[in-house]
Each structure stands twice: as structure tokens, then as C-alpha cells.
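# Per-entry structural report
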Amino acid sequence: MKTAEIKLTVELDEANNPDNILWESTDSENADKVPAKAMFLSVWDHNYKNTLKVDLWTKDMPVDEMKRFFYETLQTMGDSFLKATNETLIVEDLRDYCAHFAEKMGIVEGQ
């Protein structure tokens, strides 16, 4: 069995707000720590039947990039949900909402 490790390093300011987010993976061809401006981590707790979440972004994360980050996260959640459940009709509804979200946030798809 193969094992891979993903490591997140969050550097905090004096008020415990993220200054820098770095991530690295043992399964990556890149051995360097890669900087990120934001991250969403969700883990399903089977015993308690709930989601454990960590949502972080740095102080210098631009608002336009945060809007795109949310949009792309919603899109990929649809991809994952479709792959996991094969529920095509609700994923189509989610895609419709993503298009609505993109329009309201001024996000141009494909950029």
C-alpha cells in the first residue's frame, strides 16, 4: 500500500490571523513548500456524522481571487459529488447556481 502525506504550515501574526499558508506533499514532484492565499479543508467524522472544517485565508488575499476561489470550489464540489453519487440532476442544479454565482460576482468563466 502506498502512503502519501500532505503537510500544511500556517504562519500567524500576533492576532492569530494567517500571514502565510504553505503546503507540501510527499506525492508531489515539487519538493518545495508551495505558498497559497486560501484553503478550505473538510473532513467527514463518521462517528459523529458531521464535518470538521478549517477555512483560512491570508490578509492579502484579494477579494476578486476569493470570489473565484469560492466559484471554483463550488464547481469542483459538484464534480466530486457526481463522481461519488452519480446524482446528475442535482449536480446540474448546482452548475446552474454556479453560473448564477459567477454572474453576480462578475466572474468570467474560463479566465
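Everything here concerns the structure above.
Let me sum up the structure you'll find in this document. (Residues numbered from 1 in each chain as written. Predicted model: local features only at pLDDT ≥ 70, side-chain atom pairs only at ≥ 80, totals over all residues. Heavy atoms only, no water.)

A cluster of nonpolar side chains, Ile6, Leu8, Trp23, Leu41, Val43, Leu52 and Val54, forms an exposed patch at the surface whose accessible area comes to about 600 Å². Looking at the secondary structure, you find Leu41 in strand S4 (residues 38–45). (Patch = residues over 30% accessible without salt bridge, like charges linked within 9 Å, V, L, I, M, F, W, Y side chains within 5 Å. Areas by Shrake-Rupley, 256 points an atom, 1.4 Å probe, with all protein chains shown as cover. Salt bridge = Lys/Arg side-chain N within 4 Å of Asp/Glu carboxyl O. Helix = DSSP H or I, 4+ residues; strand = E, 2+ residues; numbered from the N terminus.)

Once that is clear, we can look at unusual backbone geometry. Despite not being glycine, Asn16 has its phi angle at roughly 65 degrees, a positive value. For Asn86, which is not glycine, the phi torsion reads 60 degrees and is therefore positive. By the element assignment, Asn86 lies in the loop between helix H1 (63–85) and helix H2 (88–105). We classify Asn86 as exposed; its relative accessible area is 59%. (Buried < 20%, exposed > 50% of the residue type's maximum accessible area, 1.4 Å probe, protein only.)

Scanning all chains against the criterion turns up three aromatic pairs. Both rings, one in Phe40 and one in Phe69, keep their centres 4.5 Å apart while their planes meet at 35 degrees; by these two values the pair is tilted. Remark: Phe69 occurs in helix H1 and Phe40 occurs in strand S4; sequence separation between them is 29 residues. Since its relative accessible area comes to 26%, Phe40 is described here as partly exposed. Taking the relative accessible area as the measure of exposure, Phe69 reaches 23% and is therefore partly exposed. Judged by centre distance (5.1 Å) and plane angle (75 degrees), the ring pair of Phe40 and Phe70 falls under edge-to-face. You can see Phe40 sitting in strand S4 and its partner Phe70 sitting in helix H1, a full 30 residues away along the chain. Taken together, the ring pairs in this structure connect Phe40, Phe69 and Phe70 into an aromatic cluster. (Phe/Tyr/Trp six-rings, centres within 6.5 Å; stacked < 30°, edge-to-face > 60°.)

Glancing now at the side chain of Gln75. Inspection of the secondary structure puts Gln75 in helix H1. Among the residues examined, Gln75 registers a relative accessible area of 17% and is labelled buried. Of the polar contacts made by the side chain of Gln75, one reaches the side chain of Tyr71; its length is 2.9 Å. (Polar contact = N/O pair within 3.5 Å; in protein donor to acceptor, adjacent residues only side chain to side chain.)

Here H1 is 23 residues long and its end C-alpha atoms lie 33 Å apart, about the 33 Å a rise of 1.5 Å per residue gives. Within the span of H1, buried status applies to Met66, Arg68, Tyr71, Thr73, Leu74, Gln75 and Gly78. Phi for Asn86, located one or two positions after H1, is positive at around 60 degrees. (Expected span 1.5 Å × (residues − 1).)

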